Amino acid sequence: MTHANSELVTPERVRSAAFTPTRLGRRGLDEAEVRSFCEWVSDGLGRLLNDNSMLQAEILRLRQRLLGGHGKDAKPEDVHIQAVHLLSRAQQTADRYVADAQQYSRELAVDAHLRRDEIVREAKVRASMILEEAHTSASEAADTVRATNDLPPASEQQEIQVELAYLRTFSEVCRTHLRAYMESLTRSIDEWERAERDGGLAARGSVIPKQHV
Amino acid sequence: MDERRLKESFARVAAYGDEAALFFYSHLFLGHPEVRDMFPVSMTVQRDRLLEALGRILAEVSNHDTLVPFLQGLGRDHRKFGTLAEHYPAVGASLLATLAHFNGTEWSEDLAGEWTEAYTVIAQVMTEAAAEDGTTNPPSWQATVVGHERPTMDIAVLRNAPDAPVSYVPGQSVAVECEARPRLWRYYSMANAPRPDGTIDFHVRVIDGGAVSTALARSVSVGSRLRLGPPVGALKLDVNSRRDVVLAAGSTGLAPLKAIIERAAGLGDPPRMDLVFGARTAAELYDLADLEKMAAQWPWLTVTPAVSAEVDYRGETGTVADIIGRRVPLADRDAYICGSSAMVAATVKRLQSLGMAQDHIYVEDFGWSES
């Protein structure tokens, strides 16, 4: 991340700061932590700037009162200035509402991304575990065939029998997992429909089962 | 014009920062309520831009060679907001009121005269540029979305048919406004060279919490109407260069580079072009199929996908900067780079460290921040 010292620090600049990622295998900072820190700083800075401009407005108001007499005999232009300040405060309130809504939607989106990544990661780990399990079971089945049949060792016939046993077991294990997966998917679709019927889809937590298989 | 006095009096106002910009807009809207509708609900970004533009004008006030083109650009660019010549005096009056208010006792008739004179020149340069632009171009273009695809959760590819032809150079971008987010304009690059049917593609990446990108990806659909500003941006293919080309795209930074590749295809003798297209995960290489089709069709083009955050990816792993030196010959080449600020900075640094000359490197930086 680079910046010129002369640049104004604004909440938006802090929030959108881009950092150069460290190369794979090197030590670096946790991206999510950096991001959430930036958001925290950005929020704080926004509040401070807001407070600051309100205080400045107050100082200006007091200074004008000192210089230009008292509120009772205010000139027409002063009234206009009062209107300008009033509109400014209203604008600031509107800005804050929009910023809050945006912050909320940003948090929701970031949270959804993290969850999605987590689900994909879990699914990948699970998939490789299933393949490994299938391979182990299939290898065992193949070894058993090799040890127990009466065919001449290393003959083509025996190799075919061994291969057959391996593939049969492999596909069986995969099928079992797949069936369990399909059942859990059906269950979650049922849950989903139920939740929708109850009209509480948005309010309800996740309908995606934590464990697919 | 007394440059020193202008700068000093502006510095006193700029010291109040946001409060000064707030005052300016409130003053303007109270005097001319009809212009409020030209601005978005939240004015936070707007105020930042006002101070930035004024600061820049003051910094360059005696440097006409850079100030005049800047003001002309501003003048043309403001046409899409519906700014008319009649609005300029109103803005001038509010600017003077703001300067007077924050200068307090330092303000004088004399200083007011200086500022009136300076503002008159600024407004004249802007309105003249706007009027000249008006002889050939509409203030903005209406377009209909004719294609809307979501290759991933976070990326949308939009095809749009403008009502009137938009003439642009491949590599340029336009400000886009959609009906769902009135008065919020965001820049997107045309992802294709001009077509006979005039359609324009945009590649939109959803920014978390980004008002416009989210709307373009999720609310906009075929049949929606968009408003486009005038084409801007200096990124374009240097057709006079005899050098071969390396292109570096980070995610939807691909868009202007794809347009540049199509531009090259229109040349009689296109240069050799090697594109590195990077994304975090393989799934985010959203346009790879189309790029590979182009590479199969055009022998002078190669495409290398790069994935940075997926360890078990079967192709090249690493950032675009990592891969560009590893895979692509760089001697005597021009480089075109587009992506996030971090990606652009890292890639430029890598190319320079590998000996590429600064003036052979062309970049377009997508800030990728939205508010």
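Since this is a predicted model, take the numbers as computed values, not measurements.

The rules behind each value
Residues numbered from 1 in each chain as written. Chains lettered and ligands numbered in written order. Predicted model: local features only at pLDDT ≥ 70, side-chain atom pairs only at ≥ 80, totals over all residues. Helix = DSSP H or I, 4+ residues; strand = E, 2+ residues; numbered from the N terminus. Rg over C-alpha atoms; globule rule 2.2 N^0.38 Å. Buried ≥ 20, exposed ≤ 12 C-beta atoms within 10 Å, placed from the backbone. Contact = placed C-beta atoms within 7 Å. Nonpolar A, V, L, I, M, F, W, Y, C, P; charged D, E, K, R; others polar. Domains from an automatic or database assignment. Pairing = 2+ DSSP bridges. Axes fitted to C-alpha atoms, helices over the stretch in contact; angles between N-to-C directions. Expected span 1.5 Å × (residues − 1). Parallel < 35°, antiparallel > 145°, perpendicular 65-115°, else oblique. pLDDT = per-residue confidence, 0-100. Right-handed = clockwise from strand over helix to strand, strands pointing away.

Participant: Lay out the overall build of chain B with the relevant residues and their values.
Facilitator: The helix and strand tally for chain B stands at eleven helices and twelve strands. Relative to a compact globule of 371 residues, whose C-alpha radius of gyration would be 21 Å, chain B shows 23 Å and is just as compact. Counting only C-alpha atoms and orienting by the principal axes, one finds that chain B spans roughly 70 × 50 × 40 Å. The proportion of buried residues among the 371 residues of chain B is 41%. In chain B, the proportion of contacts linking residues at least 24 apart, taken out of those at least 6 apart, comes to 73%.

Participant: Lay out the overall build of chain A in plain terms, naming residues and giving numbers.
Facilitator: Scanning chain A for helices and strands turns up four helices and zero strands. In sequence order, chain A lays out its α and β elements as α-α-α-α. Residue pairs in contact within chain A that sit at least 24 positions apart in sequence constitute 55% of those at least 6 positions apart.

Participant: Give a description of the interface of chain B and chain A that names residues and reports values.
Facilitator: Taken together, the contact between chain B and chain A spans 29 residues of the former and 30 residues of the latter. Within the residue set of the side of chain B that touches chain A, elements represented by two or more residues are helix 2 (18-31), helix 3 (44-59) and helix 11 (341-353) of chain B. Sorting elements by how many residues they give to the side of chain B that touches chain A places helix 2 of chain B first, with eight residues. Looking at the side of chain B that touches chain A residue by residue, the class counts come to twelve nonpolar, twelve polar and five charged.

Participant: Tell me about the domain arrangement of chain B, and name the residues and values.
Facilitator: Residue and element names in this part refer to chain B. Per the domain assignment, the segments making up chain B are domain 1 (3-134), domain 2 (141-228) and domain 3 (244-366). The distance between the C-alpha centroids of domain 2 and domain 3 comes to 23 Å. The interface of domain 2 with domain 3 comprises 15 residues on the first partner and 15 residues on the second. For the side of domain 2 that touches domain 3, the elements supplying multiple residues, two or more each, are strand 1 (141-152) and strand 5 (200-205). The biggest single contributor to the side of domain 2 that touches domain 3 is strand 5, with four residues. Residue classes in the side of domain 2 that touches domain 3 are distributed as eight nonpolar, six polar and one charged.

Participant: Help me get a handle on unusual backbone geometry, residues and values and all.
Facilitator: All names here are of chain B. Phi at arginine 183 is positive, roughly 70°, even though this residue is not glycine. Relative to the helices and strands, arginine 183 is located in the loop between strand 3 (173-178) and strand 4 (186-189). C-beta crowding within 10 Å serves as the criterion here: with 14 such atoms nearby, arginine 183 is assigned to the partly exposed category. In this model, aspartate 332 sits at a positive phi of 55°, which is unusual for a non-glycine residue. Along the chain, the position of aspartate 332 falls in the loop between helix 10 (320-327) and strand 11 (333-340).

Participant: Quick rundown of the sheet that holds strand 6 (residues 225-228) of chain B? Include the residues and the values.
Facilitator: Residues and elements named next belong to chain B. With antiparallel pairing, six strands are arranged side by side in an open sheet as 4-3-6-1-2-5. In the strand order of this sheet, the two ends are held by strand 4 and strand 5, each with one partner. Across the sheet, the mean angle from the axis of one strand to that of its neighbour is 40°, orientation sign disregarded. Two elements, strand 1 and strand 2 (residues 155-162), share seven bridges in a ladder whose sense is antiparallel. Following the sheet pairing, alanine 143 is matched in strand 2 by proline 162.

Participant: Break down helix 4 (residues 156-197) of chain A for me, with residues and values.
Facilitator: Taking 1.5 Å per residue, 42 residues should reach 62 Å; helix 4 of chain A reaches 61 Å between its end C-alpha atoms and fits that length. Turning to helix 4 of chain A, its buried residues number three or more, namely Ala165, Tyr166, Thr169 and Phe170 of chain A.

Participant: Please set out the packing of helix 2 of chain B against helix 3 of chain B residue by residue, giving values where relevant.
Facilitator: Any two packed helices are characterised by how steeply their axes cross, that is the angle between the axes, and by the distance between the axes. Residue and element names in this part refer to chain B. Direction vectors running N to C along helix 2 and helix 3 enclose 100°, while the axes themselves pass 9 Å from each other. Our classification of the angle between helix 2 and helix 3 gives roughly perpendicular. Listed contacts from helix 3 to Asp18, Ala21, Leu22, Phe24 and Tyr25 of helix 2 are Arg47, Leu50 and Leu51. Considering only residue class, the contact of helix 2 with helix 3 consists of six nonpolar, no polar and two charged.

Participant: How would you sum up the confidence of the model for chain B? Please name residues and give values.
Facilitator: Residue and element names in this part refer to chain B. Averaged over every residue, the pLDDT of chain B is 92; residues scoring 70 or more account for 98%. Predicted confidence is poor over residues 367-371, with pLDDT under 50, and the contacts of this stretch with residues over four places away or in other chains come to 16 contacts. This prediction of the complex comes with two scores: 0.74 for pTM and 0.79 for ipTM.

Participant: Quick one: what's the story with the pairing of strand 8 (residues 273-279) of chain B, residue by residue and with numbers?
Facilitator: All names here are of chain B. Among the seven residues of strand 8, seven are classified as buried, and the element is accordingly described as predominantly covered. Alternating positions in strand 8 separate into two faces, Met273, Leu275, Phe277 and Ala279 on one and Asp274, Val276 and Gly278 on the other, with burial throughout. Direction of pairing for strand 7 (residues 244-250) relative to strand 8: parallel, over a ladder of six bridges. Bridging from a neighbouring strand, valine 245 pairs with methionine 273 of strand 8. For the handedness criterion, the β-α-β arrangement of strand 7, helix 8 (residues 254-265) and strand 8 is classed as right-handed. Where strand 8 meets strand 9 (residues 301-307), seven bridges bridge the pair, whose relative direction is parallel. Looking at the pairing, phenylalanine 277 lines up with proline 305 of strand 9. Between the parallel pair strand 8 and strand 9, the chain is carried across by helix 9 (residues 288-297), and the sense of this crossover is right-handed.

Participant: Lay out the environment of alanine 259 of chain B in plain terms, naming residues and giving numbers.
Facilitator: All names here are of chain B. Position of alanine 259 relative to the elements: it lies in helix 8. Among the residues examined, alanine 259 registers 27 C-beta atoms within 10 Å and is labelled buried. The spacing of alanine 259 and aspartate 201 is 58 residues in sequence and 9.5 Å in space, taken between C-alpha atoms. The contacts of alanine 259, once residues within four sequence positions are left out, are Pro170, Gly171, Ser189, Met190, Ala191, Asn192 and Ala193.

Participant: Report on the confidence of the model for chain A, specifying residues and quantitative values.
Facilitator: Parts of the prediction with low pLDDT should not have their coordinates interpreted in detail. Considering every residue of chain A, the mean pLDDT works out to 78; 78% of them sit at 70 or more. Segment residues 201-213 of chain A: pLDDT under 50, and 20 contacts once partners within four positions in sequence are set aside and those in other chains are kept.

Participant: Which residues make up helix 8 of chain B, and what values go with them?
Facilitator: All names here are of chain B. Compared with the 16 Å implied by 1.5 Å per residue over twelve residues, the 16 Å span of helix 8 between its first and last C-alpha is a close match. With nine of twelve residues buried, helix 8 lies mostly within the body of the structure. Burial in helix 8 covers these residues: Leu254, Ala255, Pro256, Leu257, Lys258, Ala259, Ile260, Ile261 and Ala264.

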